[in-house]
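Descriptive structure summary
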Amino acid sequence: MKITIIHGQNHKGCSYHVSRSLVEKLTTDDNISEFFLPKDMPEFCIGCYTCLIKGKEYCPHYKYMKPITESILKSDLLIFTTPVYCLRTTGAMKALLDHYFTWFVVHRPKEEMYFKKAVIISSGAGSGMRQAAKDIKDSLFYWGISDIRIYKLRSLAMSWSDVNNERREKIENDMIKLAKKIKNNYGKERVSLRCKVVFYLMRMAQKKDRGSGTKDNQYWLEKGWLDDKRPWKK
């Protein structure tokens, strides 16, 4: 199982340690790619639409995005970690996800996404974990990922070293259970009805736009999705 972990922070806090506990139960280190934000992607999307008009490789931040994109596409499982910043995900994580808006089903979704699993680990000393995870989940869903699991950790601590032993033991047990579920469902990817409905709604819009010559419409035509092909069918 190939895994990409994207951390919404540079420091190795609670969400980092939870993610490492999980991946240790799933695969070996040589099958794991790990990125830290904003170190590995320090730029904000500037809304220039170059990726939409000309292509992703023309993004002014392509040199940062390329290794992350390649890792995401070749991975079976994507793990996103985020501490809670003002009741939401980190600005660095949001900045990364903004760069992938062309992957939304309304534009140029990737077939690979329909076969992937994702885990979102959101940690906070008090509250806001649900909202922070939702910020990430919304993007992943519109990428086409159906199997998205969320683990919310209320650490009651400012750092991992301050998390008490009882809470650490619970986290370890939770990761054992989560790893087992992921392993049991490995290779049994199913596209949810909701994902399919969103795809067909966007397909209707693209069919109306057929022959317009836009990059999005050309993409859908080339994929054969306006005819009989579907991204979740190999």
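Reading the values: the criteria
- Residues numbered from 1 in each chain as written.
- Predicted model: local features only at pLDDT ≥ 70, side-chain atom pairs only at ≥ 80, totals over all residues.
- Heavy atoms only, no water.
- Pairing = 2+ DSSP bridges.
- Helix = DSSP H or I, 4+ residues; strand = E, 2+ residues; numbered from the N terminus.
- Axes fitted to C-alpha atoms, helices over the stretch in contact; angles between N-to-C directions.
- Contact = heavy atoms within 4.5 Å.
- Polar contact = N/O pair within 3.5 Å; in protein donor to acceptor, adjacent residues only side chain to side chain.
- Phe/Tyr/Trp six-rings, centres within 6.5 Å; stacked < 30°, edge-to-face > 60°.
- Buried < 20%, exposed > 50% of the residue type's maximum accessible area, 1.4 Å probe, protein only.
- Disulfide = S-S within 2.5 Å.
- Core = buried A, V, L, I, M, F, W, Y, C linked by side-chain atoms within 4.5 Å.

Our next topic: the sheet that holds strand β3 (residues 77–83). If you trace the 5 strands from one edge of the open sheet to the other, you get β2-β1-β3-β4-β5, paired in parallel fashion. With partners counted over all chains shown, the strands left at the sheet margins are β2 (32–36) and β5 (147–154), one partner each. With direction set aside, neighbouring strand axes in the sheet form an average angle of 15 degrees. Along the sheet, helix α1 (residues 14–23) makes contact with β1 (3–7), β2, β3, β4 (117–124) and β5, crossing β3 at roughly 155 degrees. Along the sheet face, helix α5 (residues 129–143) touches β3, β4 and β5 and points at about 160 degrees away from the line of β4.

The next thing to look at is the side chain of His99. With respect to the helices, strands and loops of the structure, His99 is situated in the loop between α4 (91–98) and β4. Polar side-chain contacts of His99 include one of 2.8 Å to the side chain of His61. From its side chain, His99 meets the backbone oxygen of Ala95 in a polar contact 2.7 Å long. Apart from the residues lying within four places of it in its own chain, the contact partners of His99 are Met41, Glu43, Phe44, Cys45, Lys56, Cys59, His61 and Met65.

To continue, consider the packing of aromatic side chains. One pair of aromatic rings is described through two measures. These are the centre distance and the angle between the planes. Within this structure, the stated rule accounts for 16 aromatic pairs. A ring pair is formed by Tyr200 and Trp232, whose centres lie 6.0 Å apart and whose planes are at 75 degrees; its orientation type is edge-to-face. Pair noted here: Tyr200 is in helix α7 (residues 193–208) and Trp232 is in the segment after α8 (215–223), with a separation of 32 residues, a long-range link. Trp232 gets classed as buried once you look at its relative accessible area, which sits at 11%. Centroid distance Tyr219 to Trp225: 5.7 Å. Interplanar angle 75 degrees. Geometry classified as edge-to-face.

For the coordinates displayed, the defined rule picks out 0 disulfides. Here Cys51 stays free of any disulfide, with the sulfur of Cys59 as its closest cysteine sulfur at 6.2 Å.

Judged by nonpolar contacts, the single largest core of 36 residues is most densely connected at Ile6, Ile72, Phe80, Leu140 and Trp143. Looking at this core, the elements with two or more residues in it are α3 (62–74), β3, α4, β4, α5, α7 and α8. Beyond its immediate chain neighbours, meaning those up to four positions away, Ile6 contacts Phe35, Leu37, Ile68, Ile72, Ile79, Phe80, Thr81, Met93 and Leu96. Ile3, Val23, Ile32 and Ile79 belong to the second largest nonpolar core, which has 22 residues in total.

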